[in-house]
Amino acid sequence: MEGLKKLAEYVEYGKRQEAKSLAQKLLGENISPDTIVKEGIMAGLNALGERFEKFEAFVPELMVAGRAAKEVLEVLKPKMTQGPLHKIKGTVVIGTVEGDVHDVGKNIVAMVIEGGGFKVIDLGVDVPPSKFIKEVKYHEANILALSALYTPTRLAMKGTLELLRTEGIRDSIKVMVGGAPIDQNFCDLIGADGYAPDAPAALKLAERLAN
Ligand code: B12
């Protein structure tokens, strides 16, 4: 669809205002937030990621595109969190692990899980293991969701799980992991409870883990 293609382009080139008003318009045309995320935001960021790999785009471009993506998400948020909120299914503490500042994907997962009926505590980016542990205890969370995009920071996921064990609370919480460099193998390797490749799958996983 032409509008979604245009939106992907606005996100890719960091045109925030244009991207926001187009997203608003697409919502008005009854395009689902899910489609806007996939075919607008993610398509744009993926195209930029490919240019970045070929040294045709650089960090400043990633920054403006990331910002545009975040602002479009804000436009979508009210629709995405309008889920079947009759009953809270559980509490999820979510964050991007230490050393990593990517948060577009983590924010999408947070919104979809919240829309699906969970209470979500979002700790933001570059979250040290000790902070995750403190918040999990404070909120008596059922699920801890860890995101990582930059491969070296996967180690911080392992570190967070180790601290949960040291603190003696590993058995009282389920841990789910995700982000581009994460897969089921890595999840098994560090002893997490589940991996999901995208936001809808993350919601299904959370529902399974909460039971
Ligand atoms: C935008 C961007 C940035 C922005 C981030 C802005 C922001 N606010 O997030 C900025 C400029 C900060 C940035 C910085 C860097 N970046 Co960058 N960045 C990107 C880019 C273009 C898009 C990322 C994105 O938002 N994707 C879209 C979202 C929707 O997808 P997603 O995050 O994968 O999330 C989905 C799933 O993974 C899953 N998911 C995500 N989290 C979770 C959590 C759970 C629990 C679950 C179940 C699922 C799940 O669901 C999400 C929704 O479907 C990617 C390229 C790409 N195509 O991904 C590179 C990329 C991730 N960056 C990369 C790099 C190298 C860097 C830098 C090191 C660059 C530098 N030299 O400084 C720094 C690292 C900074 C740091 N310490 O973290 C590399 C990583 C390579 C690697 N394998 O490690 C990539 C892949 C680019 C590339 N092709 O080389 N970056």
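The model shown is predicted, which means the values in this text are computed figures rather than measured ones.

J.: How would you sum up the packing of helix α3 (residues 33–53) against helix α4 (residues 59–80)? Please name residues and give values.
T.: As a packed pair, α3 and α4 sit with axes 10 Å apart at the nearest point and diverge in direction by 175°. With respect to each other, α3 and α4 are oriented roughly antiparallel. Between α3 and α4, the contacting residues are Pro33, Ile36, Val37, Gly40, Ile41, Gly44, Leu45, Leu48 and Phe52 on the first element and Glu61, Leu62, Ala65, Ala69, Val72, Leu76, Lys79 and Met80 on the second. Of the residues in the contact of α3 with α4, the class split is 13 nonpolar, 2 polar and 2 charged.

J.: Can you tell me about the site of the ligand, naming the residues and giving the values?
T.: Around the ligand, the surrounding shell holds 39 residues, and the nearest of these are Gly49, Gly66, Val104, Gly105 and Gly178. Sorting the residues of the shell around the ligand by element identifies α3, α4, α5 (104–115), β3 (143–147), β4 (174–178) and α9 (199–210) as the ones contributing at least two each. Per-element tally for the shell around the ligand: the top contributor is α3, with 7 residues. The residue makeup of the shell around the ligand, split by class, is 23 nonpolar, 10 polar and 6 charged.

J.: Summarise the domain arrangement of the protein chain; cite the residues concerned and give the values.
T.: Domain annotation for the protein chain reports domain 1 (2–80) and domain 2 (91–210). Averaged C-alpha coordinates put domain 1 and domain 2 at centres separated by 24 Å. Listed by partner, the interface residues are 8 residues for domain 1 and 6 residues for domain 2. Put simply, the parts of the chain that give the side of domain 1 that touches domain 2 at least two residues each are α3 and α4. The greatest single-element share of the side of domain 1 that touches domain 2, amounting to 6 residues, is contributed by α4. Residue classes in the side of domain 1 that touches domain 2 are distributed as 5 nonpolar, 1 polar and 2 charged.

J.: Describe the pairing of β4, and please don't skip the residues or the numbers.
T.: The buried count for β4 comes to 5 of 5 residues, which makes it a mostly enclosed element. Neither face of β4 is exposed, since Lys174, Met176 and Gly178 on one face and Val175 and Val177 on the opposite face are all buried. As defined by bridge partners, β3 adjoins β4 across 5 bridges and the pair is classed as parallel. For Leu144, the partnering residue across the bridge sits in β4 and is Val175. Tracing the backbone out of β3, into helix α7 (residues 154–166) and back to the parallel element β4 gives a crossover that is right-handed. Note that β4 and strand β5 (residues 194–195) share 2 bridges and pair parallel. The residue of β5 that forms the bridge with Val177 is Tyr195.

J.: Residue-level account of the nonpolar core, with values.
T.: If you look at the biggest cluster of nonpolar residues, it comprises 59 residues, and the most contacted ones within it are Leu7, Val11, Val92, Ile113, Met176 and Ala202. Taken domain by domain, this core gets at least three of its residues from each of domain 1 (2–80) and domain 2 (91–210). Those residues in contact with Ala202 that lie beyond four places of it in its chain are Val109, Val112, Ile113, Met176, Gly178 and Ala196.

J.: Any chance you could break down the packing of helix α2 (residues 16–28) against α4 for me, citing the residues and the numbers?
T.: In contact at an axis separation of 9 Å, α2 and α4 are set at 25° when each is read in the N-to-C sense. The angle between α2 and α4 falls in the class roughly parallel. As α2 packs across α4, the resulting crossing turns out to be right-handed. Contacts from Arg16, Ala19, Lys20, Ala23, Gln24 and Leu27 of α2 reach α4 at Arg67, Ala68, Glu71, Val72, Val75, Leu76 and Lys79. For the contact of α2 with α4, the per-class residue count stands at 7 nonpolar, 1 polar and 5 charged.

Cut-offs applied
Residues numbered from 1 in each chain as written. Predicted model: local features only at pLDDT ≥ 70, side-chain atom pairs only at ≥ 80, totals over all residues. Axes fitted to C-alpha atoms, helices over the stretch in contact; angles between N-to-C directions. Helix = DSSP H or I, 4+ residues; strand = E, 2+ residues; numbered from the N terminus. Parallel < 35°, antiparallel > 145°, perpendicular 65-115°, else oblique. Contact = placed C-beta atoms within 7 Å. Nonpolar A, V, L, I, M, F, W, Y, C, P; charged D, E, K, R; others polar. Near = placed C-beta within 6 Å. Domains from an automatic or database assignment. Buried ≥ 20, exposed ≤ 12 C-beta atoms within 10 Å, placed from the backbone. Pairing = 2+ DSSP bridges. Right-handed = clockwise from strand over helix to strand, strands pointing away. Core = buried A, V, L, I, M, F, W, Y, C linked by C-beta atoms within 7 Å. Left-handed = near helix turned anticlockwise from the far one by under 90°.

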